[in-house]
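What follows is the residue order along each chain.
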Amino acid sequence: MSILVLGGAGYIGSHTVCALCEAGYDVAVVDNLVTGHRASLRPQARFYEGDIGDAAFLRQVFLKEKVEAVIHFAAFSQVGESVKKPLAYYENNLVKTRTMLEEMVKAGIKHIVFSSTAAVYGEPKEVPITEDAPTQPENPYGETKLAMERMFHWTAQAEGITYVSLRYFNACGAHAEGKIGEDHDPETHLIPLVLEAASGKREKISIFGTDYPTKDGTCIRDYIHVSDLAQAHILAVKYLLGGGKSEVFNLGNGTGFSVREIVEAAREVTGRPILAQEAERRAGDPAVLIASSQKAKEILGWEPKYTKIQEMIQTAWVWHQHHPHGFDGR
Ligand code: UDP
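Residues numbered from 1 in each chain as written. Predicted model: local features only at pLDDT ≥ 70, side-chain atom pairs only at ≥ 80, totals over all residues. Heavy atoms only, no water.

1. A closer look at unusual backbone geometry
At the junction of V127 and P128, the peptide bond is cis and its omega measures out at -5° in the coordinates. Relative to the elements of secondary structure, P128 occurs in the loop between β5 (111-117) and α5 (140-159). In the segment running from D185 into P186, the intervening peptide bond is cis, with an omega of 0°. Position of P186 relative to the elements: it lies in the loop between β7 (170-172) and α6 (190-199). (Helix = DSSP H or I, 4+ residues; strand = E, 2+ residues; numbered from the N terminus.)

2. Some words on the environment of L146
Secondary-structure assignment places L146 in helix α5. For the pair L146 and V120, spaced 26 residues apart in the sequence, the C-alpha separation amounts to 5.7 Å. Excluding residues within four positions of it along the chain, L146 makes contact with V120, T135, P137 and R167. (Contact = heavy atoms within 4.5 Å.)

3. A look at the packing of aromatic side chains
Taken as a whole and judged by the stated rule, the model has eight aromatic pairs. Taking the centre distance of 4.1 Å and the plane angle of 20° together, the rings of F114 and F152 count as stacked. With F114 in strand β5 and F152 in helix α5, this residue pair connects regions lying 38 residues apart in the sequence. You'll find F114 and F152 in the same group, each marked buried. Cluster of aromatic residues (ring-pair linked, three or more members): F76, Y89 and Y141. Over the ring of Y212 we find R281; its NZ or CZ atom is 3.9 Å from the centre of that ring. In this structure, K295 is placed above the aromatic ring of F249, and the distance from its NZ or CZ to the ring centre is 5.4 Å. (Phe/Tyr/Trp six-rings, centres within 6.5 Å; stacked < 30°, edge-to-face > 60°. Buried < 20%, exposed > 50% of the residue type's maximum accessible area, 1.4 Å probe, protein only. Lys NZ or Arg CZ within 6 Å of the ring centre and 35° of its normal.)

4. Regarding the side chain of S292
Topologically, S292 is positioned in the loop between β14 (288-289) and α9 (294-300). For S292, a relative accessible area of 15% translates into the label buried.

5. A closer look at the site of the ligand
Close to the ligand lie 15 residues, the nearest being L190, S206, F208, R282 and D285. With respect to the ligand, the side chain of D285 contributes an N or O atom lying 2.6 Å from an oxygen atom. Surface burial for the ligand is 90%, taken as the share of its 520 Å² of free accessible area covered by protein chains. For the shell around the ligand, the secondary structure elements donating two or more residues are α6 and β8 (205-208). At three residues, β8 tops the list of elements feeding residues into the shell around the ligand. Looking at side-chain class alone, the shell around the ligand contains eight nonpolar, four polar and three charged residues. (Near = heavy atom within 4 Å. Polar contact = N/O pair within 3.5 Å; in protein donor to acceptor, adjacent residues only side chain to side chain. Areas by Shrake-Rupley, 256 points an atom, 1.4 Å probe, with all protein chains shown as cover. Nonpolar A, V, L, I, M, F, W, Y, C, P; charged D, E, K, R; others polar.)

6. A short note on the sheet that holds strand β9 (residues 220-221)
Taken together, the three strands give an open sheet; going across it, the order is β12-β9-β14, and neighbouring strands pair in mixed fashion. Each end of this open sheet is capped by a strand with a single partner; those strands are β12 (257-258) and β14. As paired strands, β9 and β14 are joined by two bridges and run parallel to one another. Counterpart to R221 in the pairing with β14 is L289. (Pairing = 2+ DSSP bridges.)

7. Some points on the sheet that holds strand β1 (residues 2-6)
With parallel pairing, seven strands are arranged side by side in an open sheet as β3-β2-β1-β4-β5-β6-β11. Each edge of the sheet is formed by a strand with only one pairing partner; in this case those strands are β3 (46-49) and β11 (247-251). Along the sheet, successive strands turn relative to each other by an average axial angle of 20°, direction set aside. Of the strand pairs in this sheet, β1 and strand β4 (residues 67-72) are connected by five bridges, and their pairing is parallel. (Axes fitted to C-alpha atoms, helices over the stretch in contact; angles between N-to-C directions.)

8. Digging into the environment of I180
You can see I180 is positioned in the loop between β7 and α6. I180 sits in the buried class, given a relative accessible area of 1%. When the C-alpha positions of I180 and L41 are compared, they lie 9.1 Å apart, and in sequence the two are 139 residues distant.

9. Side note on the pairing of β5
When you tally the buried positions in β5, you get seven out of seven residues, the bulk of the element. Pairing of β4 with β5, which is carried by three bridges, proceeds in the parallel orientation. Within the sheet, the bridge partner assigned to I71 lies in β5 and is V113. Two elements, β5 and strand β6 (residues 162-168), share seven bridges in a ladder whose sense is parallel. Within β6, the position partnered with F114 by the bridge is S165. Read from β5 through α5 to β6, the crossover connection turns out right-handed. (Right-handed = clockwise from strand over helix to strand, strands pointing away.)

10. Structural notes on the packing of α6 against helix α8 (residues 259-270)
At a minimum axis distance of 10 Å, the contact between α6 and α8 shows a crossing angle of 45°. On the basis of the axis angle, α6 is oblique to α8. In this structure, the crossing between α6 and α8 has a hand that is right-handed. The segment α6 lies against α8, with L190, I191, V194, L195 and A198 engaging V259, I262, V263, A266 and T270. (Parallel < 35°, antiparallel > 145°, perpendicular 65-115°, else oblique. Left-handed = near helix turned anticlockwise from the far one by under 90°.)

The structure is reproduced here in structure tokens:
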């Protein structure tokens, strides 16, 4: 029996594939390589290149593999892009997932763990945010993830499957060995951009908004190491295979860092001056997102290993120094 990872060549997907292989699971990966990287694939994991919106392709994969559980990462994930291209996000994140879910049900696969996001909450009324907080997404990315969650909720009830939705806060860092890491094109996330400024690949970074109602006027986020996220997926699969009921879990550290604090921590880790220029707010950004992950700790037994922001940035810095142009040598 295998674990099928959809989007297993992407950032969080590839780290989860790595963790699954390290834990001795039999793993298969599906990825269309639109944003994922062939070079991030593990030789132990069987690879099927294709799109989760392609029902015939998925049917073939489900015929070849005896899938015990699916882990689904195959989605677009950029807030700013989603505001500019909402229909692309509805198509890729919701419509294709609907096709995949239908094929999964037809194939008799009963369990799925999938990526959701803190962006489903919108501007929270209280922090830390618990899973029962109101969901009012402020951008199409969060909106499509919430719609996915609701689709899984109703389908699970109707079809007798169980799911876990993992609402990530800000994923960061890289595998401790430095062989895989974060590589988006274009890169939009704060920590990799700050490290590009540290290495001289870019001249400076912009701080998007300095008039938020926070201690230093910049947005506050809860950063969580990608390898800790990977472990949460393994725990969620075990939970479902052990008969656990469908659940939603937040995954974060419970500590918030402002954009200015991240730049400062990166200066400390790299020992390099990093030029940061104040700029306008970016559309769709809530001021503060901090997770309560109490539920994941209690029910899944999850405990993040990386709690210091400097350690998380350090792993990303090692990756960046060894792969200044990412996987494909761009
Ligand atoms: N940010 C920034 N400059 C950048 C990229 C991001 O000031 O060049 C800010 C962004 O506005 C947000 C925070 O950094 O408040 C984290 O953004 P990121 O895109 O990394 O993750 P998100 O919170 O959108 O998932």
